[in-house]
Amino acid sequence: MYYSSGNYEAFARPAKPEGIEDKSAYIVGTGLAGLSAACYLIRDAQMDGSRVHLFERDAEPGGACDGWEYPQLGFTMRGGREMDNHFEVMWDLFRSIPSIEDENMSILDYYYQLNKRDPNYSLCRATVNRGEDAGLDNTFNLSDKACMEIMNLFFTPEEQLDDKPITDYFSDDVLDSNFWLYWRTMFAFESWHSALEMLPDFSALRFTRYNQFESLILPMVNYLKGQGVQIHLNTEVVDITFSSTPERKVATEVQTICEGADKTFHLTDDDLLFITNGSCVANSSFGSQDEPAQFNAVLEKGTGFDLWRRIARQDSAFGNPEKFIGDPEKSNWMSATVTTLDEKIVPYIESICRRDPFSGGVVTGGIVTVKDSNWLLSWTFNRQPQFRAQPGDQLCGWIYGLFTDVPGNYVKKTLRECTGKEICMEWLYHLGVPESQIEELAENSANTVPCMMPYITAFFMPRAAGDRPDVVPEGAVNFAFIGQFAETPRDTIFPTEYSMRTGMEAVYTLCNVDRGVPEVWGSAFDIRDLLNATTLIRDGKPITDMEMNPLEKLALHEGIEKIKGTDLYGLLVEFGVIPPDRGDAPAPATGAVYPGMH
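Residues numbered from 1 in each chain as written. Predicted model: local features only at pLDDT ≥ 70, side-chain atom pairs only at ≥ 80, totals over all residues. Heavy atoms only, no water.

*Asks:* Would you mind going over unusual backbone geometry in detail, with residue names and values included?
*Replies:* A cis amide bond links glutamine 384 to the next residue, proline 385, at an omega of -5 degrees. Structurally, proline 385 is set in the loop between strand S16 (377-380) and strand S17 (396-401). You will see that asparagine 129, though not glycine, has its phi angle at about 50 degrees, which is positive. Position of asparagine 129 relative to the elements: it lies in the loop between strand S6 (126-128) and strand S7 (132-133). With relative accessibility at 47%, the residue asparagine 129 sits in the partly exposed group. Notably, asparagine 234 is not glycine yet its phi reads approximately 50 degrees, a positive angle. One can find asparagine 234 in the loop between strand S8 (230-232) and strand S9 (235-244). (Helix = DSSP H or I, 4+ residues; strand = E, 2+ residues; numbered from the N terminus. Buried < 20%, exposed > 50% of the residue type's maximum accessible area, 1.4 Å probe, protein only.)

Okay, here's the thing in structure tokens:
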């Protein structure tokens, strides 16, 4: 496997790998990583679909990318996905998968046109005082000291960040800023999470038309089934046996329980195995309108993390799962799906998002964070309807709280103790609904389904090199690890792109596909991106506005004078790092000259 950039290989069809007719594939998990691996096996490795098997513990495929309607429960979605222009692997694959929203288009075609005609951005990123705009003005509000702390983290080599939490690098100057509020609520990031994983109005993000299951997962499943791929639902993979030496590692046996019956698959060198070693939605549980979701952190046999534990005992190259699952009190948060049942709550939503929620277009444009919420509550309504089966007079939105163990502002219970109705009451309180109406609206004008996820941010826990296994460990003959808990260079965990990239790299490596994997977008190595970021984190203020003593100011002025007339000087002016002299051409608005950046 190798990486490529540019479009020379981007649209090329690779030659059929030698010996692919003799190979079969077994894939553990049907999240984005597993489904992507299956699609790449079909499209690029050109494996016969009937030789591809996917094992899924649940009754539906999709992993964390869910979006279902349960009888007697209602519409549910444990989370949501946002994408951007530089998800290189995702767009590489989705240009080949037909959309179910328009059979004449690929997923990429439909998604591209949708977000062109209905671009995403938020009009209110945060509220305070029960529904008032928090007045953040799309600023990061970072002090000079905070900016230097962020820059210091950026320039710290990755190997020096092993096992380091964010608080080792960020002081209260960062942690009390708008920047940290944006960051932590968008990515569900806590101050104790890993420093290795380190936008005000969400204009850089793109969203699907419907929920993530119907817009992303279902088209992939339909494509695979059309190719004869076998998806084994209600099938637990309980153990995998390896023959392992430092030089040669071979997966020899997969033990499963399918529909209650034990079944073992014996593997040869030509039987390829792709292992999703852990899931952020492991042990998640739903409550209901009248019942709280249960906090269950005990990893039972047949769950992804339990499987990883069993695998890791066989070889140190298979990672260290305890780093990620050892403290569920630090990796949990809760979400809730709220469905409005009449028009009574709608005006409060519309007042904050400043858009008609029934327009079919962008509504909140991303999450709205309640800045003064004890739970650090955030909520969002994406394009409606969110489900194809959703009645046209209902809205379906998503709420989540980052602090599940503290009492709410209105409902004096911890988030994890609350029923769906009580979570809705807390949300309505922060929307500004009169207190005399809150309980009646939560009871009769909405249906709210809570979900507890003990390991939802497990991938953010502090870690070191080797704690996640390589996608294809050294010496591996017929197996690979895929998903958020596999290690691939340069990319950052959490986005959908990471999971899909591991699937592509695994297939290309094990099948020897002669086509480059798109390299990770090189923003960290592009001087334009770095200069733009330097200005953006300071809310557009040039470095000449920084607090400096007279000698520092003199040195900066002399340095600027020395580079006048050079391309570097032009770039610094262009991106607002320094102000132009009166004789210079006016500098454009930050970022306007380079629309690919965000």
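*Asks:* Before we move on, can you summarise the sheet that holds strand S12 (residues 271-276) with the specific residues and values?
*Replies:* As summarised here, the arrangement of the five strands in space is S8-S3-S2-S12-S19, forming an open sheet in which the pairing is parallel. Whereas interior strands pair on both sides, the edge strands pair on one side only; in this sheet they are S8 and strand S19 (479-482). Pairwise comparison of adjacent strand axes, ignoring direction, gives a mean angle of 15 degrees for this sheet. Of the pairings in the sheet, the one linking S12 to S19 comprises four bridges and is parallel in character. Paired with phenylalanine 274 across the two strands is alanine 480, which belongs to S19. Packing of helix H1 (residues 32-43) onto the sheet brings it into contact with strand S2 (24-28), strand S3 (52-55), S12 and S19, and relative to S3 it is tilted by some 175 degrees. (Pairing = 2+ DSSP bridges. Axes fitted to C-alpha atoms, helices over the stretch in contact; angles between N-to-C directions. Contact = heavy atoms within 4.5 Å.)

*Asks:* I'd like to hear about the pattern of salt bridges, residue by residue, with values.
*Replies:* Applying the stated criterion across every chain yields a total of 33 salt bridges. Across the pair arginine 43 and aspartate 44 runs a salt bridge, and its minimum N-O distance is 2.8 Å. Two residues, lysine 145 and aspartate 173, come together in a salt bridge whose shortest N-O distance is 3.9 Å. Taken together, the positions of lysine 145 in helix H4 (residues 144-155) and aspartate 173 in helix H5 (residues 172-175) put the pair 28 residues apart, joining distant regions of the chain. Lysine 145 sits in the partly exposed class, given a relative accessible area of 46%. A single salt-bridge network, built from bridges that share partners, covers Arg43, Asp44, Asp92, Arg95 and Arg515. (Salt bridge = Lys/Arg side-chain N within 4 Å of Asp/Glu carboxyl O.)

*Asks:* Describe the environment of phenylalanine 485, with residues and values.
*Replies:* Relative to the helices and strands, phenylalanine 485 is located in the loop between S19 and helix H13 (496-511). Among the residues examined, phenylalanine 485 registers a relative accessible area of 1% and is labelled buried. Sequence separation of phenylalanine 485 and serine 279 is 206 residues, and the distance between their C-alpha atoms is 8.1 Å. Apart from the residues lying within four places of it in its own chain, the contact partners of phenylalanine 485 are Asn277, Gly278, Ser279, Cys280, Phe305, Trp308, Phe324, Ala458, Phe459, Arg468 and Pro469.

*Asks:* Describe the packing of H1 against H13, listing the residues and the values that go with them.
*Replies:* Two elements in contact, H1 and H13, have axes whose closest approach is 8 Å; the angle formed by their N-to-C orientations is 40 degrees. As summarised for this structure, H1 and H13 are arranged oblique, according to the angle between their axes. As for the relative orientation of H1 and H13, their crossing is right-handed in sense. Each of Leu32, Ala33, Ser36, Ala37, Tyr40, Leu41 and Arg43 in H1 lies in contact with H13, whose residues at this interface are Thr496, Ser499, Met500, Thr502, Gly503, Met504, Val507, Tyr508 and Cys511. Within the contact of H1 with H13, the residues separate by chemical class into ten nonpolar, five polar and one charged. (Parallel < 35°, antiparallel > 145°, perpendicular 65-115°, else oblique. Left-handed = near helix turned anticlockwise from the far one by under 90°. Nonpolar A, V, L, I, M, F, W, Y, C, P; charged D, E, K, R; others polar.)

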